[in-house]
Amino acid sequence: MSHPQITSVKSSIERLPVVMARTGRSRASIYLDMKKGIFPQCFKVGIRAVGWLSSDIDAWIGVRAQAGRAGHVGVGNVNG
């Protein structure tokens, strides 16, 4: 029986304080932008705990940095 190859994912789960520190955004701003669809969505990691994939946060930061360098004020959805 052949098993599909498993690839290693270089991502970890980050909790809200880490996401806030990495992005420089407040809790309210993060949740508001998630609702608008312009910030990566969190997911449940426990009964009362949520987290974000570090790779999603990395991508969001990258898009923001590129837009800033290009002089763009608004940044679209980076979830897809």
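The following refers to the structure shown. (Residues numbered from 1 in each chain as written. Predicted model: local features only at pLDDT ≥ 70, side-chain atom pairs only at ≥ 80, totals over all residues. Heavy atoms only, no water.)

## A closer look at the overall build of the protein chain
Next, step 1: Summing up its helical and strand segments, the protein chain has 3 helices and 3 strands in all.
Next, step 2: Of the regular secondary structure in the protein chain, the N- to C-terminal order runs β-α-α-β-β-α.
Next, step 3: Taken across its 80 residues, the protein chain has 24% of its residues classed as buried.
Next, step 4: Put simply, of all contacts in the protein chain between residues at least 6 apart along the chain, 46% involve residues at least 24 apart.
Next, step 5: Carbon and sulfur atoms make up 57% of the accessible area of the protein chain, which totals about 5,900 Å². (Helix = DSSP H or I, 4+ residues; strand = E, 2+ residues; numbered from the N terminus. Buried < 20%, exposed > 50% of the residue type's maximum accessible area, 1.4 Å probe, protein only. Contact = heavy atoms within 4.5 Å. Areas by Shrake-Rupley, 256 points an atom, 1.4 Å probe, with all protein chains shown as cover.)

## Considerations on the environment of Ser55
Next, step 1: For Ser55, the position within the fold is in helix 3 (residues 54-70).
Next, step 2: For the pair formed by Ser55 and Ile13, sequence separation is 42 residues and the distance between their alpha carbons is 8.9 Å.

## What about the sheet that holds strand 1 (residues 13-14)?
Next, step 1: Overall, antiparallel pairing links the 3 strands, which are arranged 1-3-2 in an open sheet. Bordering the open sheet on either side are strand 1 and strand 2 (43-46), each of which pairs with just one other strand.
Next, step 2: Examined bridge by bridge, strand 1 and strand 3 (residues 49-53) share 2 bridges and lie antiparallel to one another. Across the sheet, residue Ile13 finds its bridge partner in strand 3, namely Leu53.
Next, step 3: On top of the sheet, helix 3 reaches strand 1 and strand 3; it is set at about 55° to strand 3, its chief contact. (Pairing = 2+ DSSP bridges. Axes fitted to C-alpha atoms, helices over the stretch in contact; angles between N-to-C directions.)

## Considerations on the side chain of Glu14
Next, step 1: With respect to the helices and strands, Glu14 occurs in strand 1.
Next, step 2: For Glu14, a relative accessible area of 10% gives the class buried.
Next, step 3: There is a polar contact of 2.9 Å between the side chain of Glu14 and the side chain of Arg22.
Next, step 4: Dropping the residues within four chain positions of it, Glu14 is found in contact with Val19, Arg22, Gly51, Trp52, Ser54 and Ile57. (Polar contact = N/O pair within 3.5 Å; in protein donor to acceptor, adjacent residues only side chain to side chain.)

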